[in-house]
Amino acid sequence: MRYILLRICWLFLLLLQAMIFSSCRVNYLPGVKPGEWYIAEDADVAMRFDEPGSGEYVNIDRAVATPQSLRVRKWFNSYRFRLEGVPNIRGRMLAGDEHFLISSRRLGDVEFRKYTPVFLPEPPFRYREPITNTIEINETVYGYAPGYYTSKTIEKRDNKSYWQVLFDVAEGVVRNIRRNELPMEMDIYQPADDTLSFRPLIVLLHAGAFIAGDKRDELVSSLAQDYARKGFVVASVNYRLGYVFLPGRYSNLERAMYSAVQDVRAALRYLSFHHQEYRIDPDMIFLAGHSAGGILSLKTSLMEEEDVWPSARGSLLRLQPDLECLDCSTNDLYGPFTIQAVVNMWGAVDNLELFKPGLRLPILSIHGDQDQVVPYGHDFPFGNVSTLVSAFFSRKIHGSASIDERARRLGLDHTLYTFEGWGHEPHFDDEHVLIPENCQVIHDEVLAFFNQQLSAPPEEFFGPLIVSADDPVADYYFMPDDRYNSYKFQCDQCLVLSHTPHSARIVWLAGEKGYELRIAGFGRHGQVYLENVPVEIR
């Protein structure tokens with residue numbers, strides 16, 4: 001009998017032990033996904049489970065946290081999270097959507113929310129890569145003005161050089177000159193089916209020595225189409241052309257250039273006035289042109305009323321009317337605008353004083369250092385013909401190298417890209433065949449320059465770039481900036497505890513290598529600013 005009672009007691013103890021061990025084993029945690037972090041900010045702890053019963057945790061009350069081992073045990077309906085060095089968390093576990101709750105007598109309800117890493121945007125990025133393969137091109141009249149003509153295309157060059165073509169055109173101008181009231185036209189390129197309502201505008205100006213050219217010349221058309229595919233609105237503008245070649249009559253060329261400046265400004269006013277229709281930002285305008293268009297880009301951006309040539313004011317003796325103020329021609333629309341950057345492709349200025357101390361206008365110049373049509377330095381134009389001939393109708397001008405020297409002396413924002421060994425129109429060879437490599441360089445340099453202005457780094461960024469376990473939780477933030485609406489912060493070796501449009505609170509995880517904070521800024525024009533900031537853990 002005694003033996004039987006001992007056997008029963010022994011079996012009862014074995015059964016009780018089995019029940020105890022089975023109750024401690026955790027095979028399932030409701031609502032919890034292995035490999036994911038769960039954060040309880042009220043308890044200053046984050047957990048990650050490798051399997052239902054084990055994982056790791058970190059304290060999140062300091063800038064740097066060292067992962068510690070985690071064990072989970074269950075007693076009937078109660079779970080116990082065993083944490084090394086800190087009080088355990090024990091209570092009933094309730095699962096929810098992307099979170100779970102521990103109802104603890106000691107701590108109350110402790111909520112663990114599933115940590116969702118921030119994902120930064122991926123290409124294609126607007127203004128850098130194509131966002132569409134289809135563009136819309138619309139021609140519009142932006143005003144009317146008295147002049148000789150607004151377009152004179154060069155259908156065939158044969159084997160003539162650039163200056164020979166221009167002088168052939170000029171000869172025809174002298175024979176057929178007559179001023180009329182002219183409709184001023186421009187082509188507007190846009191990405192098809194684009195929904196963004198606030199886009200930067202690029203205005204392109206063609207070449208032709210102010211006697212020839214058209215808004216659809218090869219370089220302008222190619223750039224306009226490609227930049228529109230990348231999300232820009234692009235306007236290619238025709239302006240008044242033609243003047244009479246007379247020895248010593250510099251005023252004729254000056255007046256032609258001034259009328260062209262008036263036209264471009266009128267086009268800008270038109271685009272600003274209709275900015276809602278074209279969905280552009282009139283305060284984010286980029287101006288670019290090549291040869292005469294480069295000269296015109298610089299003049300339009302830099303010339304103020306006090307810089308206007310006296311010849312533009314007219315002469316009774318020469319029967320030349322007063323051309324009036326910069327904004328007194330072609331249309332009477334009111335449309336304020338701001339030119340944010342200028343690209344001068346193998347152009348020049350007649351007066352370096354246009355570059356005034358304190359000028360805050362980024363300028364990119366692209367020029368061949370063997371250019372004899374528009375000098376790279378300071379000389380007469382068309383020097384490959386004869387300086388005596390060009391001196392009849394023009395003064396010496398300052399090309400891109402002279403501009404760069406002046407800008408560096410004044411500390412202005414000027415970038416010079418030199419096509420070494422190349423002459424005028426470096427995108428064409430001597431047979432007037434496009435050179436793909438040089439065309440690509442021009443395209444890429446101009447695009448990168450515009451993107452530098454659009455996606456420039458924010459002015460003020462704050463946050464510790466050297467952190468240790470003794471530091472408080474790291475706060476990273478940007479001061480409000482007109483260019484960027486919001487930011488995202490991402491890192492592989494951290495937990496982003498909270499995120500606002502301009503800030504993030506971050507705990508870095510010790511024991512990793514190569515710490516860096518990746519930042520994306522989202523601009524009001526749809527542009528994306530990206531930067532990787534290294535962080536040192538001590």
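Residues numbered from 1 in each chain as written. Predicted model: local features only at pLDDT ≥ 70, side-chain atom pairs only at ≥ 80, totals over all residues. Heavy atoms only, no water.

Chemist: Help me understand the state of the cysteines in this model?
Modeler: Covalent bonding between the sulfur atoms of two cysteines is what defines a disulfide. Applying the stated criterion across every chain, the model contains two disulfides. Across a sulfur-sulfur distance of 1.8 Å, Cys325 and Cys328 are joined as a disulfide pair. With the S-S dihedral at roughly 90 degrees, the linkage between Cys325 and Cys328 falls on the right-handed side. On the accessibility criterion, Cys328 (37% relative accessible area) is partly exposed. At a sulfur-sulfur separation of 1.6 Å, the disulfide partner of Cys491 is Cys494. Here Cys491 and Cys494 share a disulfide; its torsion about the S-S bond, 75 degrees, makes the bridge right-handed. (Disulfide = S-S within 2.5 Å. Buried < 20%, exposed > 50% of the residue type's maximum accessible area, 1.4 Å probe, protein only.)

Chemist: What am I meant to see in the pattern of salt bridges here?
Modeler: Pairing is possible between side chains of opposite charge, provided their charged atoms come close. Under the defined criterion, the tally for this structure stands at 26 salt bridges. Its salt-bridge partner being Arg313, residue Glu305 comes within 3.5 Å of it at the nearest N-O pair. Accessibility expressed as a relative area gives 35% for Glu305, which makes it partly exposed. Here the residues in one salt-bridge network are Glu139, Asp187, Lys215 and Arg216, joined through shared partners. (Salt bridge = Lys/Arg side-chain N within 4 Å of Asp/Glu carboxyl O.)

Chemist: Would you mind showing me how to read the sheet that holds strand β27 (residues 528-534) here?
Modeler: Paired through backbone hydrogen bonds, the strands of a sheet run either parallel or antiparallel to each other. The three strands lie next to each other as β23-β26-β27, forming an open sheet whose pairing is antiparallel. Either end of the sheet is taken by a strand with one partner, and the two such strands are β23 (484-490) and β27. Looking at each pair of strands side by side, their axes are set apart by 20 degrees on average, direction ignored. Both β23 and strand β26 (residues 516-523) contribute to a ladder of six bridges, which runs antiparallel. When the bridges of β26 are listed, Ser486 appears paired with Phe522. (Pairing = 2+ DSSP bridges. Helix = DSSP H or I, 4+ residues; strand = E, 2+ residues; numbered from the N terminus. Axes fitted to C-alpha atoms, helices over the stretch in contact; angles between N-to-C directions.)

Chemist: Please explain the nonpolar core as it appears in this structure.
Modeler: Nonpolar side chains in soluble globular proteins tend to be buried together. In terms of nonpolar packing, the biggest core is built from 63 residues, with Met186, Val203, Phe210, Leu271 and Phe355 touching the most fellow members. The dominant element in this core, judged by the number of residues it contributes, is helix α4 (residues 250-273), at twelve residues. Setting aside anything within four residues of it in sequence, one finds Phe355 in contact with Leu298, Leu302, Val349, Ile363, Ile403, Arg406, Leu410 and Leu412. (Core = buried A, V, L, I, M, F, W, Y, C linked by side-chain atoms within 4.5 Å. Contact = heavy atoms within 4.5 Å.)

Chemist: Sorry, what's going on with the packing of helix α3 (residues 218-229) against helix α9 (residues 436-454) here?
Modeler: Two numbers describe a pair of packed helices, the interaxial angle and the distance between the axes. Where α3 meets α9, the closest approach of the two axes is 11 Å, and the angle between their N-to-C directions is 50 degrees. Classified by the angle between their axes, α3 and α9 sit oblique to one another. Handedness of the α3/α9 crossing: right-handed. For the pair α3 and α9, the contacting residues are Leu223, Asp226 and Tyr227 in the first and Ile442, His443, Val446 and Leu447 in the second. For the contact of α3 with α9, a count of residues per class yields five nonpolar, one polar and one charged. (Parallel < 35°, antiparallel > 145°, perpendicular 65-115°, else oblique. Left-handed = near helix turned anticlockwise from the far one by under 90°. Nonpolar A, V, L, I, M, F, W, Y, C, P; charged D, E, K, R; others polar.)

Chemist: Just to check I follow, could you spell out the pairing of strand β6 (residues 78-83) for this structure?
Modeler: Residues in a regular strand project their side chains so that they alternate between the two faces of the sheet. Where burial is concerned, the two faces of β6 differ: the one with Tyr79, Phe81 and Leu83 is buried and the one with Ser78, Arg80 and Arg82 is not. Sheet topology places strand β5 (residues 68-75) next to β6; six bridges connect them, and they run antiparallel. Residue pairing across strands places Lys74 opposite Tyr79, the latter belonging to β6. Sheet topology note: the β6/strand β7 (residues 89-96) ladder contains four bridges and is antiparallel. Its bridge partner lying in β7, Phe81 is registered against Ile89.

Chemist: Help me out: how do you make sense of unusual backbone geometry in this one?
Modeler: Note: most peptide bonds trans; most residues except glycine with negative phi. Going from Pro123 to Pro124, the amide bond is cis rather than trans, its omega being 10 degrees. Position of Pro124 among the secondary structure elements: in the loop between β9 (108-114) and β10 (135-147). Of note, Arg279 is a non-glycine position whose phi angle comes to about 55 degrees, a positive value. For Arg279, the location among the structural elements is in the loop between α5 (275-278) and β14 (280-290). Look at Arg279 and you get partly exposed, because its relative accessible area is 23%.

Chemist: Mind showing me how you'd approach a nonpolar patch on the surface here?
Modeler: Residues Phe462, Tyr477 and Met479 make up a contiguous nonpolar surface patch of roughly 250 Å² in combined accessible area. Here Met479 shows up in the loop between β22 (474-478) and β23. The class of Met479 is partly exposed, set by a relative accessible area of 34%. (Patch = residues over 30% accessible without salt bridge, like charges linked within 9 Å, V, L, I, M, F, W, Y side chains within 5 Å. Areas by Shrake-Rupley, 256 points an atom, 1.4 Å probe, with all protein chains shown as cover.)

Take it as geometry only, folks, not as evidence of what the structure does.
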